[in-house]
Amino acid sequence: MKVPEGLWACHYCRCVLCMANDDQGLSRCQHCTLKYHEICRPSLSNGRGNGAYCSETCKKVSAQLSDMIGITNHTEDGFSWALLKIQKDEPVSSQNSPDVLECNVKLAVALGVLNECFNPVKDRRTKIDMLHQAVYSLGSEFKRVSYEGFYTMVLEKNGEIISAALLRIHGTKVAEMPFAGTLPAYRKQGMMRRLVNAVEQVLASVQVEKLVIPAIAALVDTWKKSFSFKALDPELKEEIRRRSLVVITGTTLLQKPVVAAPPSPSSLHKQTEAAAAKSGAEPWWWKYTYGAPPLTDDERAFLETDTDTAPLVCSFTDLVTGKVSSLHKALCAGNSSPSVPCCSSGSPAAGPGSSGGARLSFVR
């Protein structure tokens, strides 16, 4: 940035809400680390405060990320990933709990993986170890060398951490991933793609828009062609200027939009539970869907059919085996008989009052 003459305040020392140059009485958001005046901060819809956050959005994102920390997420191909962060604010009574100890041990191993992947990464002026500072989310009064707010993403195979990445989320606009590496024995086997996919999954779940990485010249094309990154947009450049991203000499910043993830079965379950709470009852079949793949439109239409007013035109078994089609469209149109073939006389009706054939077929 160009330093003006006379008295001035940099954008890091301004209130993010009113942008006034008054740097007195500023608080710092616990999530995005931007500063704000208490009087400028909006209150929550229920009249309560936001705590140490500049907005309801930052408070919500921080809570969502906190719920993910230390959870092992298994993938279909036998790998697993986890989002980690040093538990500095935990009460003394829980510092030695198994979950906290396991998280801290994994962080130490992840630091070893990153140290093996990179030459010693020292800040060009202070000479501090940037990897150590970021893994343990250490802050500083000097904005440029503050690594507070970093999360560590790890990829595991048979209990061994083989890839790791450092991730910091700045509100919902942008997240940065300055370091990511795979152990030499596992390189060129798709591990980085699995790790980046996990990072994107986390970012999508908290509705972050862009992921930014610093790429060395030799890998710019790889990140662009294999991972769909591209050069920074002018709009994002302006947003980054307001943030404090890790600066690595000799690298080029690249960006990638984060694709919103489809609702998970658990989130669908919560939505239906909320709707049921309003109506006073939940569908009889809903408890069988928890943890199962999402229902198709035809499956949902079948299960939601009111047999008191509309007779079933097929069994659930016929539906899932493909013997009927477009049930959802037919029922929505109010005309099921012409376009939906009826069951044969030997097919049992699988409604709520049946012996349970529909429910057994439904658990896939």
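Computed from a predicted model, the values in this text were never measured in an experiment.

1. Some remarks on the overall build of the protein
For step 1, the next point in the chain: On a plain count of helices and strands, the protein comes out with 11 helices and 10 strands.
For step 2, the next point in the chain: A burial count over the protein gives 40% of its 364 residues as buried.
For step 3, the next point in the chain: For the protein, contacts bridging at least 24 residues in sequence account for 54% of all contacts bridging at least 6.
For step 4, the next point in the chain: As presented, the protein carries roughly 20,500 Å² of accessible surface, and 53% of it is formed by carbon and sulfur atoms.

2. Side note on the pairing of strand S5 (residues 150-157)
For step 1, the next point in the chain: Extensive coverage of S5 is indicated by the burial of seven of its eight residues.
For step 2, the next point in the chain: Strand direction decides the pairing type here: strand S4 (residues 79-84) and S5, joined by six bridges, are antiparallel. Residue phenylalanine 79 lies in a different strand from S5, and its bridge partner there is lysine 157.
For step 3, the next point in the chain: Bridge count for S5 against strand S6 (residues 160-170) is eight bridges, and the pairing is antiparallel. Directly across from threonine 152, in S6, lies its bridge partner leucine 166.
For step 4, the next point in the chain: Between S5 and S6, which follow one another and run antiparallel, lie two residues, and asparagine 158 among them has a positive phi close to 55 degrees.

3. Regarding the confidence of the model for the protein
For step 1, the next point in the chain: Residues at a pLDDT of 70 or more form 64% of the protein, whose mean pLDDT is 75.
For step 2, the next point in the chain: At the level of individual helices and strands, the protein shows its lowest average pLDDT in helix H11 (residues 357-362), which scores 34, and its highest in S5, which scores 96.
For step 3, the next point in the chain: Under a pLDDT of 50 for its full length, residues 335-364 has, in the predicted model, 50 contacts with residues more than four places off or in other chains.

4. Let's talk about the sheet that holds S4
For step 1, the next point in the chain: One open sheet accounts for eight strands, arranged S3-S4-S5-S6-S7-S8-S10-S9; its pairing is mixed. Each of the sheet's edge strands pairs with one partner strand only, and the pair in question is strand S3 (73-74) and strand S9 (230-231).
For step 2, the next point in the chain: Contacts from helix H2 (residues 98-117) reach S4, S5, S6 and strand S7 (174-182) within the one sheet, and its direction differs from that of S6 by about 95 degrees.
For step 3, the next point in the chain: The sheet contacts of helix H5 (residues 220-227) involve S7, strand S8 (210-216), S9 and strand S10 (251-257), and relative to S10 the element is tilted by about 10 degrees.

5. A short note on helix H6 (residues 234-242)
For step 1, the next point in the chain: Among all positions of H6, only Leu236, Glu239 and Ile240 are buried. Along H6, the residues classed as buried sweep out an arc of 100 degrees about the axis, all on the same side. More than 90 degrees from the buried face of H6, the exposed residues found are Pro234 and Arg241.
For step 2, the next point in the chain: Along its buried surface, H6 packs onto S7, S8 and S10.

6. Describing the pattern of salt bridges
For step 1, the next point in the chain: Applying the stated rule across the entire model yields seven salt bridges.
For step 2, the next point in the chain: Taking the shortest distance from any N to any O, the salt bridge between glutamate 176 and arginine 168 comes out at 2.9 Å. The pair glutamate 176 / arginine 168 is uniform in exposure class, with both members buried.
For step 3, the next point in the chain: Close ionic contact of aspartate 233 with lysine 210 constitutes a salt bridge, the shortest N to O distance being 3.9 Å. One end of the pair, aspartate 233, is in the loop between S9 and H6; the other, lysine 210, is in strand S8, and 23 residues separate them in sequence.
For step 4, the next point in the chain: By relative accessible area, which is 27% here, aspartate 233 ends up partly exposed.
For step 5, the next point in the chain: Each member of the salt-bridge network shares a partner with another, and the members are Glu102, Lys106 and Glu156.

7. A look at the packing of aromatic side chains
For step 1, the next point in the chain: Tallied over the entire structure, the rule returns four aromatic pairs.
For step 2, the next point in the chain: On the basis of an interplanar angle of 80 degrees and a centroid distance of 5.5 Å, the ring pair of tryptophan 223 and phenylalanine 229 is categorised as edge-to-face.
For step 3, the next point in the chain: One aromatic cluster is present, formed by Trp223, Phe227 and Phe229 through successive ring pairs.
For step 4, the next point in the chain: The residue whose ring lies beneath lysine 85 is tyrosine 151, and the NZ or CZ to ring-centre distance is 4.6 Å.

8. Comments concerning H2
An α-helical turn contains 3.6 residues, so a residue and the one three or four places further along point in the same direction.
For step 1, the next point in the chain: For H2, spanning 20 residues, the distance from its first C-alpha to its last is 29 Å, which sits close to the expected 28 Å at 1.5 Å a residue.
For step 2, the next point in the chain: Residues of H2 that are buried sit in contact with S4, helix H3 (130-135), S5, S6 and S7.

9. Examining the environment of leucine 254
For step 1, the next point in the chain: Relative to the helices and strands, leucine 254 resides in strand S10.
For step 2, the next point in the chain: Given the relative accessible area of 1%, leucine 254 is considered buried.
For step 3, the next point in the chain: Along the primary structure leucine 254 and aspartate 233 are separated by 21 residues, whereas in three dimensions their C-alpha atoms are 9.2 Å apart.

10. A short note on the nonpolar core
For step 1, the next point in the chain: With 61 residues, the main nonpolar core has Met153, Met177, Leu203, Leu211 and Trp223 as its most contacted residues.
For step 2, the next point in the chain: No other element matches the nine residues that helix H4 (residues 191-205) contributes to this core.
For step 3, the next point in the chain: Among residues more than four places away in sequence, those in contact with leucine 211 are Leu167, Ala175, Glu176, Met177, Val199, Leu203, Phe229, Leu254, Gln255, Lys256 and Val258.
For step 4, the next point in the chain: Core analysis: the next-biggest nonpolar cluster, separate from the first, contains nine residues, Cys15, Cys29, Cys32 and Leu34 among them.

Conventions adopted
Residues numbered from 1 in each chain as written. Predicted model: local features only at pLDDT ≥ 70, side-chain atom pairs only at ≥ 80, totals over all residues. Heavy atoms only, no water. Helix = DSSP H or I, 4+ residues; strand = E, 2+ residues; numbered from the N terminus. Buried < 20%, exposed > 50% of the residue type's maximum accessible area, 1.4 Å probe, protein only. Contact = heavy atoms within 4.5 Å. Areas by Shrake-Rupley, 256 points an atom, 1.4 Å probe, with all protein chains shown as cover. Pairing = 2+ DSSP bridges. pLDDT = per-residue confidence, 0-100. Axes fitted to C-alpha atoms, helices over the stretch in contact; angles between N-to-C directions. Arc of directions from axis to C-beta. Salt bridge = Lys/Arg side-chain N within 4 Å of Asp/Glu carboxyl O. Phe/Tyr/Trp six-rings, centres within 6.5 Å; stacked < 30°, edge-to-face > 60°. Lys NZ or Arg CZ within 6 Å of the ring centre and 35° of its normal. Expected span 1.5 Å × (residues − 1). Core = buried A, V, L, I, M, F, W, Y, C linked by side-chain atoms within 4.5 Å.

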